Amino acid sequence: MKTSKQFLLGFIIILFFLFSNRNYSQCTNVTEGRNVLINAASMNAPLSYIAHIFPKRGKTYSGTAFFIHPQVMLTAGHNVRKRKGFIFTRVKEIDLNIGATDCTTQLTKDFVVTKQNDNIISGNDEKKYTVQDDWGFIILNNNTANQVVGGVFAFEVYNPNKDYGIIYKCGYPSENPKCVPRYDQTINYNYDANCNCLRYDFETEHGDSGAPIWYLNNGVPTVIAIHTNGDSKPDKNGKYDCAKGTLITKEVYQQLQAFCSNKGITIP
């Protein structure tokens, strides 16, 4: 009997790892294959303002972040938040491949030894958090890396009553070919008051978390949300729910200002 229980437990654990590590596409029924892979020839502004990041909590994870100031990057909160664990809970350091087009090619690199609420912060460090809390900030040691890429995204507080026209996304999904950014654009999106978030039909994967969602404001790439979430389970019709972005709200903006101000950085 004991052997049978051990076998069953082992089988359940194997199934858990198989399915928990699967890279689901969100909104696959809408956007499969629409992403454009970015290479060195097409790595221009504002795509060059985006970084493939590798936060380390004992284990190394993969995500996306982007410049909104020569020394400040926005990302998904779950890329930098504390995680309730047995040993490793805080992000200890982050490697950044900025303007990367494959695993060995990037415009520049950077590295940050991190300390929670000092040079990284997230909207919620509790075990359970909502989409609207899933934002994170990273402060770099200096602006040297940004001088190489030559600019930053503008950003603004999201207005649910405003027509933003076409919106854009670019991130680093953890699928093959690895370390290659995917770019997309759409007019199929809407504000969801239930989660206070932006829903869109971008095809996203693990690793896209932290990607900028932007529009062109008189030609200026301006971020209105951070890609953070997508539902991996299909509905009763077999369709995937649209991915979700954490909005740049007035509260997020104010917390960004206050956090950076404590480090002597002024966010306009």
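Residues numbered from 1 in each chain as written. Predicted model: local features only at pLDDT ≥ 70, side-chain atom pairs only at ≥ 80, totals over all residues. Heavy atoms only, no water.

S.K.: If you had to explain the environment of H227 to someone new, which residues and values would you point to?
M.R.: Checked against the element boundaries, H227 lands in strand β16 (residues 220-229). Measuring from C-alpha to C-alpha, the distance between H227 and P212 comes to 6.3 Å, with 15 residues separating the pair along the chain. Side chain to side chain, H227 and Y200 meet in a polar contact 2.9 Å long. (Helix = DSSP H or I, 4+ residues; strand = E, 2+ residues; numbered from the N terminus. Polar contact = N/O pair within 3.5 Å; in protein donor to acceptor, adjacent residues only side chain to side chain.)

S.K.: Requested: an account of the state of the cysteines, with residues and values cited.
M.R.: Overall, the coordinates contain 2 disulfides when judged by the stated rule. Between C103 and C179 runs a disulfide, and the two sulfur atoms are separated by 2.1 Å. With the S-S bond torsion at 80°, the cross-link from C103 to C179 turns out right-handed. In this pair, C103 sits in the loop between β6 (93-98) and β7 (108-113) while C179 sits in the loop between β11 (167-171) and β12 (182-186), placing the two residues 76 residues apart along the sequence. Sequence-ordered numbering of the disulfide-bonded cysteines in the protein gives the connectivity 1-2, 3-4. (Disulfide = S-S within 2.5 Å.)

S.K.: Quick one: what's the story with the pairing of strand β4 (residues 63-69), residue by residue and with numbers?
M.R.: With 7 of 7 residues buried, β4 is to be regarded as a mostly interior element. Bridge count for strand β2 (residues 50-57) against β4 is 4 bridges, and the pairing is antiparallel. Bridging from a neighbouring strand, I53 pairs with G63 of β4. The pairing of β4 with strand β5 (residues 72-76) spans 4 bridges and is antiparallel. Along β5, the bridge assignment pairs H69 with V72. The hairpin formed by β4 and β5 contains 2 residues between the paired strands. (Buried < 20%, exposed > 50% of the residue type's maximum accessible area, 1.4 Å probe, protein only. Pairing = 2+ DSSP bridges.)

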